[in-house]
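In case you want the letters, here they are:
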Amino acid sequence: MGFQIKKMSFSYGDNKVIDNVSLHIEPGRFYGIIGPNGCGKSTFLDLLSSHTKPAAGSVFFMGKDLAKYSKKALSRLIALVPQNFYINFSFTAREIVLMGRYPHIPKFSVPAQQDMEIIDDVMQKTETYQFKNRFITELSGGERQRVVFARALAQDTDVLILDEATSNFDINHSIRMLNLAARGVEKNGKTVITVLQDINLAAIFCEYLIFIKNGRIAAYGKTNEVLNANTIKSVFNVDAKVYQDSYSNSKQVVFKR
Amino acid sequence: MSLNILSKTITNSTGVHLILLGIFLFVAIIISSGSGYININFADVFKIIASKCTGNKDLLEGMNKIFSVIVFDVRLPRILTAAIVGAGLSISGAVFQGILLNPLADPYTLGVSAGAAFGASIAILFNINLFAFTVNSSCSVPVFAFTGAIATLFFVIFLASSNSSATRLGLSSNNLILSGIIVAAILSAGISFLKYLADEQVSIIIFWLMGSFASSGWPDVQLTLLFVCAGFLISFFFARDLNLMALGNRTASSLGVDTKKVTLALLVTASLIAAVCVSVSGIIGFVGLLVPHMTRAVTGPDNRKLIPVSMMVGAILLLCADTLTRAVLPSEIPIGVLTALIGGPFFCYIFKKRQMSGTGI
């Protein structure tokens, strides 16, 4: 069922950010969203996660209008890792990850043993366990983002939306985190939708790519089919060479000055 | 929401804190009731309170009759009002700091105090006597103060909410703080103008602005207790959502929080508490800023612990401060001046200390 997007539009004032987009996002796949700065990627994700309501058109999720879901119900189905994460209060890393379990814990109860096991597990997988008791305010940008990533994994949802979630990671952690997301797709049939600036990283992980330009879908399809020099030229207006790389077993892009 | 659930939600250490603080508060009330111009020993104070609670007149036997009047009709209402206002301002401060994502926000950030002061000034200046036929005339100042505070709040919210923010960001904390500052600035100019016009009443306005519990009576206790209790329950109900909102509106929303609804509900709740507190006692600064700030150092930022513990700490602190000015100092200093004189430098101290240790605010 996944997401059925029908003629969706959204604007801030007179500025049309998403313009008449129709798309089907299948469940159990790894999707990458690529596009220039300010093309509407984040807004597109906000519309998918129902943080923002479309001005026109509709989004159906699992056969039901997204607007008809309660926030509580959606928080058990869709998790979001935001692009920037800034926090003023000194929660510990563990407390932040535990917040990912809140949608599953009734308001006035304490977390169950199972919740604690889940958060310890995701913290180990994301390599945040070693600073679980440190304050989030004292962590580096990359460490903080890993905690936020762990929080989204702890939410244990069918859909994981990543908004440039790897922007603060070194290459080791980028690969590690995206592998964690990919494992969820392969093993548990989860859906990952991620915005990535790094096209080559996207090509390695994503089965499908969605190119967005000026609020419209510029190109869409299987990574192997849609990723080519023409697409890069039309979306980013840069010349590039796209080739099949045997080491990464994926299409890769190189640029020149 | 029963006490049982309340104690289950907050961890054991917080439960212990609350019980200890409760005992401390009770002892402070007894000691404070006994001290003053006429000292009454604590056993007698205890007997007077017990006899009033149980209706057992035998306990008062052999005691000077005036003692009972002093404790029950003069001191207790003042003491309880001070404690409840302290609790209210602290809850309100903790909630404001949570919503505005700013550990330096206080109940007056959105101009609630300026609105209350403006309302009170008008009532005093024009000698308005709303309730001349019914209750005593002293009601009109609190009523005007309350109205001024609430009107200011809604104007600030109106000013802060924009079309785009309504859909995407809710009420952004920057917009709220900025609107609050603008409105407060306009209102304090208005207050200055009223003072200029006031002539003889100018001293009444000034004294009201400095805050005092000297004239607090049982109606004040009832009124503040009602609002502060209701406010506490609402704040506690949304405490977990408030934790999530510290992660930013977008993330909180993805974790199932209706950010716009929670922001509005808590904003109105915290402002109502502050407005009621200001209307009965005048403007008492620094309690709402400092108490949650200090408490956070002990409980951590989890609002489910922070809000109840702040409430108790605030009650004890303001009660002690009021007792200090009432019974210990040679002559009574307005409580608002005292809290600012103690709280201000203390705040500078902890602020600087944290800056030096590099942990920030």
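All values reported here derive from a predicted model rather than from experimental measurement.

1. Section: the overall build of chain B
Assigned secondary structure in chain B consists of 16 helices and zero strands. Every one of the 361 residues in chain B was classed for burial, and the buried ones make up 50%.

2. Structural notes on the overall build of chain A
Looking only at helices and strands, chain A features nine helices and 12 strands. Compactness check: chain A gives a C-alpha radius of gyration of 18 Å against a globular reference of 18 Å for 257 residues, within 12% of the reference. In terms of principal-axis extent, the alpha carbons of chain A reach across some 55 × 45 × 35 Å. Within the span of chain A, comprising 257 residues, buried residues form 43% of the whole. Restricting the contact set of chain A to residue pairs at least 6 apart, pairs at least 24 apart contribute 65%.

3. Looking at the interface of chain B and chain A
With 26 residues of chain B at the contact, the number on the chain A side is 27 residues. Elements with a minimum of two residues in the side of chain B that touches chain A: helix H1 (3-9), helix H7 (163-167), helix H11 (239-245) and helix H12 (249-254) of chain B. No other element matches H12 of chain B, which puts four residues into the side of chain B that touches chain A. Of the residues belonging to the side of chain B that touches chain A, the class tally is nine nonpolar, 11 polar and six charged.

4. Quick word on the sheet that holds strand S7 (residues 159-163) of chain A
Residues and elements named next belong to chain A. Across the sheet, six strands lie side by side as S6-S7-S8-S3-S9-S10; this open sheet has mixed pairing. This sheet does not close on itself; its edge strands, each paired only once, are strand S6 (78-81) and strand S10 (216-222). Pairs of neighbouring strands in the sheet enclose a mean axial angle of 15 degrees, with direction left out of account. When S6 meets S7, the two strands line up parallel, connected through four bridges. The residue bridging Ile78 from the neighbouring strand is Val159, located in S7.

5. Digging into helix H8 (residues 173-198) of chain B
Residue and element names in this part refer to chain B. Taking 1.5 Å of rise per residue, 26 residues should cover 38 Å, and H8 covers 36 Å from first to last C-alpha, within 8% of that figure. On the buried face of H8, the contacting elements are helix H4 (65-99), helix H5 (112-125), helix H6 (140-160) and helix H9 (202-210). Positive backbone phi, at 60 degrees, marks Asp199, one or two positions downstream of H8.

6. Overview of helix H3 (residues 42-54) of chain B
Residue and element names in this part refer to chain B. With 13 residues, H3 extends 18 Å from end C-alpha to end C-alpha; this agrees with the ideal 18 Å at 1.5 Å per step. Along H3, the positions that sit buried rather than exposed are Val45, Lys47 and Ile48. All buried residues of H3 lie within an arc of 160 degrees about the axis, which places them on one face of the element. Along H3, exposed side chains directed more than 90 degrees from the buried face belong to Ala43, Ala50, Cys53 and Thr54. Once H3 finishes, Gly55 follows within two positions and takes phi at roughly 80 degrees, a positive value.

7. Thoughts on unusual backbone geometry
With a phi angle near 60 degrees, Asn237 of chain A is a residue other than glycine that sits in the positive phi range. In this structure, Asn237 of chain A sits in the loop between helix H9 (229-236) and strand S11 (240-245).

8. With respect to the confidence of the model for chain B
All names here are of chain B. Across chain B, the average pLDDT comes to 84, with 89% of residues at or above 70. Here residues 165-169 scores under 50 on pLDDT; set against residues more than four positions off or in separate chains, the count is nine contacts. Taken over the whole predicted complex, pTM reads 0.88, whereas the ipTM for its chain interfaces reads 0.89.

9. Some remarks on the pairing of S10 of chain A
Residues and elements named next belong to chain A. Bridging between strand S9 (residues 208-213) and S10 involves six bridges; their strand directions are antiparallel. Note on S10: the bridge partner recorded for Tyr208 is Lys222. Here S9 folds back onto S10 in antiparallel fashion, the turn holding two residues, of which Asn214 has a positive phi close to 50 degrees.

10. Observations concerning the nonpolar core
In terms of nonpolar packing, the biggest core is built from 172 residues, with Val97 and Ile161 of chain A together with Ala83 and Ala275 of chain B touching the most fellow members. Residue contributions to this core peak at 16 residues, all from H4 of chain B. Discounting chain neighbours no more than four positions away, the residues touching Val97 of chain A are Ile119, Val122, Met123, Val147, Ala150, Arg151 and Ala154 of chain A.

11. As for the sheet that holds strand S5 (residues 64-65) of chain A
With respect to topology, four strands assemble into an open sheet ordered S2-S1-S4-S5 (chain A), the strand pairing being antiparallel. Of all the strands in the sheet, the pair left with one neighbour each is strand S2 (15-25) and S5 of chain A.

12. Overview of the environment of Ser279 of chain B
Residues and elements named next belong to chain B. Within the secondary structure layout, Ser279 lies in helix H13 (residues 259-281). Residue classification places Ser279 among the buried residues on the basis of 26 C-beta atoms within 10 Å. Sequence separation between Ser279 and Ser113 is 166 residues, and the spatial gap between their C-alpha atoms is 9.2 Å. Sequence-distant contacts of Ser279, that is, excluding residues within four places in its chain, are made with Ala116, Pro142, Ala145 and Phe146.

13. Considerations on the packing of H4 of chain B against helix H14 (residues 287-299) of chain B
Residues and elements named next belong to chain B. Contact pair H4 / H14: the axes reach a minimum separation of 7 Å and the direction vectors enclose 70 degrees. Overall, the two elements H4 and H14 adopt an arrangement that is roughly perpendicular. Facing Gly86, Leu89, Ser90, Ser92, Gly93, Ala94 and Gln97 of H4, the residues of H14 in contact are Val287, Gly288, Leu289, Val291 and Pro292.

14. Some points on the environment of Arg326 of chain B
Residue and element names in this part refer to chain B. Position of Arg326 among the secondary structure elements: in helix H15 (residues 303-328). Arg326 sits 66 residues away from Lys260 along the chain, and the two C-alpha atoms are 43 Å apart. If sequence neighbours within four positions are ignored, Arg326 has contacts with Gly36 and Glu332.

15. Section: the environment of Phe26 of chain B
You can see Phe26 of chain B is positioned in helix H2 (residues 12-34). Sequence separation of Phe26 of chain B and Ile316 of chain B is 290 residues, and the distance between their C-alpha atoms is 9.0 Å.

Definitions and limits used
- Residues numbered from 1 in each chain as written.
- Chains lettered and ligands numbered in written order.
- Predicted model: local features only at pLDDT ≥ 70, side-chain atom pairs only at ≥ 80, totals over all residues.
- Helix = DSSP H or I, 4+ residues; strand = E, 2+ residues; numbered from the N terminus.
- Buried ≥ 20, exposed ≤ 12 C-beta atoms within 10 Å, placed from the backbone.
- Rg over C-alpha atoms; globule rule 2.2 N^0.38 Å.
- Contact = placed C-beta atoms within 7 Å.
- Nonpolar A, V, L, I, M, F, W, Y, C, P; charged D, E, K, R; others polar.
- Pairing = 2+ DSSP bridges.
- Axes fitted to C-alpha atoms, helices over the stretch in contact; angles between N-to-C directions.
- Expected span 1.5 Å × (residues − 1).
- Arc of directions from axis to C-beta.
- pLDDT = per-residue confidence, 0-100.
- Core = buried A, V, L, I, M, F, W, Y, C linked by C-beta atoms within 7 Å.
- Parallel < 35°, antiparallel > 145°, perpendicular 65-115°, else oblique.

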